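Okay, here's what each chain looks like letter by letter:
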Amino acid sequence: MIASLPLVTAVTGIEGVIKSINDPINSFAWGWPTVILIAATGILLMLRLGFMPIRRLGYGFRLMLKPADSSEDKDGDITPFQALMTSLSATVGTGNIAGVAAAIFVGGPGAVFWMWVVAFFGIATKYAEAVLAVHYREVDPLGNHVGGPMYYIKNGLGASWSWLGWVFALFGMLAAFGIGNGVQSFEVARALGTVGIPNWLTAVVMGALVCMVIIGGVKRIAQVASAVVPFMAIVYVVACLLLLVINAGAVPGAVGSIFSNAFTGQAAAGGVIGTVILQGFKRGIFSNEAGLGSAPIAHAAAKTSQPVRQGTIAMLGTFIDTIVICTLTALVIISSGAISGGESGSNLSIAAFNESLSGSGWIVTLSLLFFAFTTVLGWSFYGEKCTEFLFGVKAIKPFRWIWVAVVVIGSIAGDRGIVWGVADTLNGLMAIPNLIALVFLSGTVYKLTRDYAFSE
């Protein structure tokens, strides 16, 4: 025990140094400046598009459910539906369960209102990202369709801005290993550890499963995502609706508290109106990733020749993720009264389920396991394409093996907390180049949308 003290002291010291460096960067990259930039970009796009993303939500759902057009089979790698499920696999996860709970714990019920606000305009952001991703995508030496912010920065803004695409790709690659891998693997290991499964076993099994999927590239990732994500999302949504029926008498009051507390600054953990708004914005953005630039990497691989068509499908991700799933989680938590128990994060969500229906908390745990696993798969593709942009196709195989190794390490070594802070910072830093591109290319998005013939 005594011999281990120097190691503990060294680790603590390193964490302290990292925290001292990360905190001021985080206050900008994941604080008010970037949050305001993300919200403002969404507002700009929504206004410039004349609220078309909202008016065409029904059209988007019809396209999503429509069989893929066989005439476009050669113009892409996965179906439009698979592209949406791949992007949802990376977004529907801890943010919908633990993130919503954390927002309510810190910012009170009113934070949910601001989640809705940022998601409302985020629908336009996600639409624009996918439109640009398909419009400016390329075909790599392996014959795969690749796209995303790094490509629409390079091809849309011109050579003088190519450095900004490199910046996005660098931060995107690094962020993938943090928020998309290490912390997700840890969450799975910790959840299974509560029922007696050792971390090493989780590491071996999860590492093997991830390896078997990502070795097949985007097509296999999309196949798994298209099977797992809809199933688990439906199970979770149905469970939430059942609990809301049980708590029916408290639901109107829960909805009322969301609106009344949104402007009073009555944060659950204490604070002012700024805390309520910031928590709602941050958790909403973290949940649906609109503006971060991750989702368009998946949508760029869709089998379509119409950027606007894929954009109308892509924007459904923000609606499903935040407006539907996050809202249901929030209403279950608030209507159950579990927030008075002092729990936060996923523990609060589990407590809310158990409070509403004894023993139902396992649904949250199971959902977290599946959602975290699919997040690892989705982000592996994002990280891989960022790495390919930086180092070429020769880096793909090494990246995949390193990705699997980080899954194993994350499951065994765990997360000491500081990793979350660094991951948040990297998310914010990857968003900034993307947001700059979205603003400057908003005219292209508008023109492509204006020229598209919407068929009812």
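What you see is a predicted model, and the numbers here were worked out from it, not measured in a lab.

Along the backbone of the chain there are 21 helices and two strands. For 456 residues, the compact-globule formula gives about 23 Å, and the C-alpha radius of gyration of the chain, at 21 Å, lands near that figure. Viewed in the frame of its principal axes, the chain has a C-alpha envelope of about 55 × 55 × 40 Å. The buried share of the chain, reckoned over its 456 residues, is 58%. Look at the contacts in the chain between residues 6 or more apart in sequence, and 85% of them connect residues 24 or more apart. Only carbon and sulfur atoms are counted for the fraction: they give 70% of the accessible area of the chain, which is about 17,400 Å².

Residues other than glycine seldom take positive phi values, yet Phe-51 does so here, at roughly 60 degrees. Relative to the assigned elements, Phe-51 resides in the loop between helix H2 (32-48) and helix H3 (52-55). Residue classification places Phe-51 among the partly exposed residues on the basis of a relative accessible area of 32%. At Glu-289, a position not held by glycine, the phi torsion is positive, near 60 degrees. With respect to the helices and strands, Glu-289 occurs in the loop between helix H13 (273-288) and helix H14 (295-299).

Within the secondary structure layout, Ile-402 lies in helix H19 (residues 396-413). With 301 residues separating them along the chain, Ile-402 and Ala-101 place their C-alpha atoms 32 Å apart.

On the secondary structure map, Ser-226 appears in helix H11 (residues 217-246). Among residues more than four places away in sequence, those in contact with Ser-226 are Phe-81, Gln-82 and Met-85.

What follows concerns helix H5 (residues 80-91). Its twelve residues give H5 an end-to-end C-alpha distance of 17 Å, which sits within 8% of 16 Å, the value for a rise of 1.5 Å per residue. Of all twelve residues making up H5, eleven are buried, and the element is well covered by its neighbours.

Counted according to the given criterion, the structure contains 18 aromatic pairs. Ring geometry for Tyr-151 and Phe-389: centres 5.1 Å apart, planes at 80 degrees, overall edge-to-face. Placement of the pair is Tyr-151 in helix H8 (residues 149-157) and Phe-389 in helix H18 (residues 362-391), with a sequence separation of 238 residues. Each member of the pair, Tyr-151 together with Phe-389, is buried.

What follows is about the packing of helix H10 (residues 199-214) against H11. Remark: H10 packs on H11, axes separated minimally by 7 Å, with the N-to-C direction vectors making an angle of 120 degrees. Put simply, H10 runs oblique to H11. Only Gly-217, Arg-220, Ile-221 and Val-224 of H11 make contact with H10, whose side of the interface consists of Met-212, Val-213 and Ile-214. The residue makeup of the contact of H10 with H11, split by class, is five nonpolar, one polar and one charged.

Let us now look at the environment of Ala-233. Here Ala-233 lies in helix H11. For Ala-233 and Asp-321, which are 88 residues apart along the polypeptide, the C-alpha to C-alpha distance reads 9.4 Å. Aside from chain neighbours lying at most four places away, what touches Ala-233 is Ile-325 and Phe-371.

Turning our eyes to something else, we now look at the pattern of salt bridges. In a structure, side chains of opposite charge can pair up when their charged atoms sit close to one another. Taken as a whole and judged by the stated rule, the model has six salt bridges. Residue Glu-138 pairs with Lys-154 through a salt bridge whose shortest N-O separation is 2.8 Å. Taken as a pair, Glu-138 in strand S1 (residues 138-139) and Lys-154 in helix H8 lie far apart in primary sequence, 16 residues in all. With relative accessibility at 29%, the residue Lys-154 sits in the partly exposed group. In this structure, Lys-447 engages Asp-451 in a salt bridge whose closest nitrogen and oxygen atoms are separated by 3.1 Å. Of the two residues, Lys-447 and Asp-451 both sit in helix H21 (residues 442-451), four residues apart, roughly one turn of that helix.

Take a nonpolar patch on the surface next. A cluster of nonpolar side chains, namely Trp-200, Leu-201, Val-204, Val-205, Leu-209, Met-212 and Ile-412, defines an oily patch on the protein surface of about 660 Å² accessible area. By the secondary structure assignment, Val-204 is in helix H10.

Turning our eyes to something else, we now look at H10. Counting along an α-helix, one turn takes 3.6 residues, and residues three or four places apart therefore face a common direction. In a regular helix each residue adds 1.5 Å, so 16 residues correspond to 22 Å; H10 covers 22 Å between its end C-alpha atoms and thus fits that length. When we look at burial in H10, the residues that qualify are Thr-202, Ala-203, Met-206, Gly-207, Val-210, Cys-211, Val-213 and Ile-214. In an axial view of H10, the angular spread of the buried residues amounts to 160 degrees, which keeps them on one side of the axis. Those residues of H10 that are buried are in contact with helix H9 (162-193), H11, H18 and H19.

Across all of its chains, the model carries one cavity of 30 Å³ or more by this definition. Size it by volume and the largest cavity reaches roughly 120 Å³. Around the largest cavity sit 14 residues that line it, and Ala-90, Ile-179, Gln-184, Phe-286 and Glu-289 are the ones nearest its centre. Of all the secondary structure elements, the ones that give two or more residues to the lining of the largest cavity are H5, helix H6 (94-107), H9, H13 and H18. Its residues placed into classes, the lining of the largest cavity shows five nonpolar, eight polar and one charged.

Within the buried core, Glu-289 has no salt-bridge partner, and the shortest N-O distance to an opposite charge, that of Lys-126, equals 6.5 Å. Here Ser-294 takes part through its side chain, which lies 2.4 Å from a polar atom of the side chain of Glu-289. Look past the residues within four positions of Glu-289 in its chain and what remains in contact with it is Ala-90, Thr-91, Lys-126, Ser-294, Trp-379 and Tyr-382.

Direction vectors running N to C along helix H4 (residues 57-65) and helix H16 (residues 316-336) enclose 100 degrees, while the axes themselves pass 10 Å from each other. In this view, H4 runs roughly perpendicular relative to H16, as classed from their interaxial angle. The residues of H16 that touch H4, namely those facing Leu-57, Gly-60, Phe-61 and Met-64, are Leu-316, Phe-319 and Ile-320. Here the contact of H4 with H16 is built from residues that sort into six nonpolar, one polar and no charged.

Parameters and conventions
- For every chain, the first residue of its written sequence is number 1, and the numbers climb from 1 along that sequence.
- Side-chain atom pairs in this predicted model are given and counted only at pLDDT of 80 or more, local residue features only at pLDDT of at least 70, and totals for whole chains, interfaces and linings cover all residues.
- The basis for every side-chain value is the complete set of heavy atoms in the structure, and neither hydrogens nor water enter the calculation.
- Numbering of helices and strands runs from the N terminus, with a helix taken as a DSSP run of H or I at least four residues long and a strand as a DSSP run of E at least two residues long.
- With C-alpha atoms as the basis for the radius of gyration, the globule rule is written as 2.2 Å multiplied by the number of residues raised to the power 0.38.
- Buried residues are those whose accessible area, probed at 1.4 Å on protein chains only, stays under 20% of the maximum for their type, while exposed residues exceed 50% and partly exposed ones sit between those limits.
- Contact definition: two residues touch when any of their heavy atoms are within 4.5 Å.
- The accessible surface values rely on the Shrake-Rupley method and a 1.4 Å probe; as for residues, cover is taken only from the protein chains in view.
- Working rule for helices: expected span equals 1.5 Å times residues minus one.
- Aromatic pairing here means that ring centres of Phe, Tyr or Trp (its six-membered ring) are within 6.5 Å. Orientation follows from the plane angle: under 30 degrees is stacked, over 60 is edge-to-face, and everything else is tilted.
- All axes here are fitted lines through C-alpha atoms, helices being fitted over the stretch that makes contact, and every angle between N-to-C directions spans 0 to 180 degrees.
- For classification, angles of less than 35 degrees are called roughly parallel, those exceeding 145 degrees roughly antiparallel, those between 65 and 115 degrees roughly perpendicular, and all remaining angles oblique.
- Amino acids are sorted into nonpolar (Ala, Val, Leu, Ile, Met, Phe, Trp, Tyr, Cys and Pro), charged (Asp, Glu, Lys and Arg) and polar (every other residue, Gly among them).
- Salt bridge, as used here: a side-chain nitrogen of Lys or Arg that lies within 4 Å of a carboxyl oxygen of Asp or Glu.
- Only residues whose relative accessible area exceeds 30% and that form no salt bridge are eligible for patches; like-charged ones are grouped when within 9 Å, while nonpolar side chains (Val, Leu, Ile, Met, Phe, Trp, Tyr) are grouped when within 5 Å.
- Each direction from the helix axis to a C-beta atom contributes to the arc, which is the arc of those directions.
- Here a cavity denotes grid points, spaced 1 Å and computed from the protein atoms alone, that fit a 1.4 Å probe unable to get out, and a pocket denotes an open set having protein on both sides within 12 Å along at least 5 of 7 lines; residues with an atom within 4 Å of a point are the lining.
- Grid points are joined across faces, edges and corners, and a volume is the space filled by probe spheres set on the points.
- In this tally, Asp and Glu contribute negative charge and Lys and Arg positive charge; neither His nor the terminal groups of the chain are included.
- Pairing of N or O atoms within 3.5 Å defines a polar contact, subject to two protein rules: one partner must be a possible hydrogen donor and the other a possible acceptor, and residues neighboring in sequence count only if both atoms are side-chain atoms.

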